[in-house]
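Structure at a glance
Here is what each chain is made of, one letter per residue.
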Amino acid sequence: MVFKKMLSAFGVGGPSVDTVLTNPNTRPGLTLDGQVNLVGGDAEAAIEQVVIGLVTRVEVEGHDTEYAGTMEFHRMVVSGPLQLAPKQQLSIPFQLPIPWETPITDVYGQRLRGMTMGLRTELAVARAVDKSDLDQVAVHPLPVHERILEAFQRLGFQFKSADLERGHIRGVQQTLPFYQEIEFFASPQYANTIREVELTFVTSQRGVEVILECDKRGGFLSAGHDAFGRYQVSHADVDRVDWAQVVDGWLRETTSRYGSLRSQYGPSHGHGHGRGGMGVGGMVAGAALGVAGGMIAGEMIEDAFEGDFGDFGGDE
C-alpha cells in the first residue's frame, strides 16, 4: 500500500481529466462551451480546483534575440475544491467568454500559417502532480474582419503569415499582452511603393482599430522605410461601405503621409525584420504583462506545452 500511495503522489493511478468542447470553433466576443470530464483514480483525491485557460504562441523580443513562448492569456476557474471518489465520474459544464481581442486563427476554414490556439484544462490535485489536457481551438473572424481581409485579397495582396507580438501598441487601448500581425506581400499595383503590409486588428465591443504597417520601397535616392496608419471602424459598417475602396484609401494615405506618422508611432511595432533593430521600441509601452481589465496576467510557460502544440500544424 505504501508503494501504491507513492505512485499516486506522482500521478500514477491518480484522477484523470478530459475536456470536450461542444464546438471548437468560435469568434472574438462569443463563448467556448464544453464540459470537463473527471474520472477518479485508485484512491480518493482532493481536487483543489479545476481551471481552463486559452493558450497561444507569442513572439518575444529581447535586445538581440527573438524567441517564441507559449502564453496563457485568459483563464477561468470552473470548479473549486471537491472530493473525487475512486473511479467516480464527474462532468463539469462551462461557458468561457472569448475576449474581443483574441487573435484570429482561421479564415474560410483554413488555419492561418503561424497561428496556434488551445484550451488548456488544469486539474490541481492536493499533494500531487497537476494534471492537464489541451484541446485545439479555432477562432474565426468577425464580419468586419472578414470584409477587410477580403478587401486585401480583392486588391491582389497575397497572405504571407501571421504571428503574435508580445507588447502594446502606443496609443491603442489593449487588454491583452500581445497583438496579432497578419502579413501580406504587396500586389502588383502597389509593388512600386510597398513591399509588404502588416495588418493588426485591435477589437472591442464597439468596433475595430485597424493598424497598418507598410514596408515602403526605397526610391532612386532614398532608403526604404516603414509607414504606419491607424483607422477606426465600427461593427455596424460591415455592409455600408466598399471595403476594397476603403482599404485602398488607407494604403495610399498611409504611404503618402509617412513623415507625420513616423514621429507619432516610433520606429516599428513589428519584429524589426532588420529595420530599426529591436523593432518594438517606439510602439511598445511599458511592461507588456500585468492584470488588465480583470484579466489574469499573461504567463510565459516556456516549452512546457511544446509537445501538445505539435499537432497544431501552425507552421504548415
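Look a little higher up for the structure.
The text that follows walks through the structure, step by step, so that each part is easy to find. Being a predicted model, the structure only gives us computed values, none of them experimental.

Turning our eyes to something else, we now look at the overall build of the protein. Per the secondary structure count, the protein includes four helices and 18 strands. Scored against the burial criterion, the 316 residues of the protein give a buried share of 50%. Pairs at least 24 apart in sequence give 67% of the contacts found in the protein among residues at least 6 apart. Counting every atom, the protein has about 14800 Å² of accessible surface; 51% of that belongs to carbon and sulfur.

An α-helical turn contains 3.6 residues, so any two residues separated by three or four positions project in the same direction. The end-to-end C-alpha separation of helix α3 (residues 243-256) is 20 Å, in line with the 20 Å expected for 14 residues at 1.5 Å each. Along α3, the residues classified as buried are Trp 243, Ala 244, Val 247, Asp 248, Trp 250, Leu 251, Thr 254 and Thr 255. An end-on view of α3 places all buried positions within 155 degrees of arc, on one side of the element. α3 presents Gln 245 and Ser 256 as exposed residues on the side facing more than 90 degrees away from its buried surface. By the N-cap criterion, in which a side-chain oxygen at the helix start approaches the backbone nitrogen of a residue two or three places on, α3 is capped by Asp 242, the distance to Ala 244 being 3.1 Å.

Counting 61 residues, the largest nonpolar core has Ile 148, Phe 152, Leu 199, Val 210 and Leu 251 as its most contacted members. By residue number, the principal contributor to this core is strand β4 (residues 45-61), which donates six residues. Core analysis: the next-biggest nonpolar cluster, separate from the first, contains five residues, Ile 169, Val 172, Tyr 179 and Ile 211 among them.

With that out of the way, let us pick up the pattern of salt bridges. A side chain of one charge can pair with a side chain of the opposite charge when the charged atoms of the two come close. Inspection of the entire model under this criterion finds 14 salt bridges. We note a salt bridge from Asp 42 to Lys 87, for which the minimum N-O separation is 3.1 Å. Of this pair, Asp 42 sits in the loop between β3 (31-39) and β4 while Lys 87 sits in the loop between β6 (82-84) and β7 (89-97), placing them 45 residues apart in sequence. Arg 75 serves as the salt-bridge partner of Glu 122, at 3.9 Å between the closest nitrogen and oxygen. Taken as a pair, Glu 122 in strand β10 (residues 118-125) and Arg 75 in strand β5 (residues 66-79) lie far apart in primary sequence, 47 residues in all. Using a relative accessible area of 24% as the deciding quantity, one classes Arg 75 as partly exposed. Ionic contacts of the salt-bridge type, sharing partners, join the residues Glu 72, Arg 75, Arg 120 and Glu 122 into one network.

Throughout the structure, instances matching the rule amount to one cavity of 30 Å³ or more. A volume near 120 Å³ is recorded for the largest cavity. If you list the elements that add at least two residues to the lining of the largest cavity, you get β14 (178-185) and β15 (194-203). Taken together, the residues that form the lining of the largest cavity break down as eight nonpolar, five polar and one charged.

Burial within β4 is extensive, with 12 of its 17 residues counted as buried. Relative to β6, β4 is paired through three bridges, and the arrangement is antiparallel. Pairing of Ala 45 across the sheet is with Leu 84, part of β6. Examined bridge by bridge, β4 and β10 share eight bridges and lie antiparallel to one another. Residue pairing in the sheet places Ile 52 in a bridge with Thr 121 of β10. By the bridge criterion, 12 bridges tie β4 to β5 in an arrangement that is antiparallel.

What counts and what doesn't
Residues numbered from 1 in each chain as written. Predicted model: local features only at pLDDT ≥ 70, side-chain atom pairs only at ≥ 80, totals over all residues. Heavy atoms only, no water. Helix = DSSP H or I, 4+ residues; strand = E, 2+ residues; numbered from the N terminus. Buried < 20%, exposed > 50% of the residue type's maximum accessible area, 1.4 Å probe, protein only. Contact = heavy atoms within 4.5 Å. Areas by Shrake-Rupley, 256 points an atom, 1.4 Å probe, with all protein chains shown as cover. Expected span 1.5 Å × (residues − 1). Arc of directions from axis to C-beta. Polar contact = N/O pair within 3.5 Å; in protein donor to acceptor, adjacent residues only side chain to side chain. Core = buried A, V, L, I, M, F, W, Y, C linked by side-chain atoms within 4.5 Å. Salt bridge = Lys/Arg side-chain N within 4 Å of Asp/Glu carboxyl O. 1 Å grid on protein atoms, 1.4 Å probe; cavity = no way out; pocket = protein on both sides within 12 Å on 5 of 7 lines; lining within 4 Å. Points joined across faces, edges and corners; volume = space filled by probe spheres on them. Nonpolar A, V, L, I, M, F, W, Y, C, P; charged D, E, K, R; others polar. Pairing = 2+ DSSP bridges.

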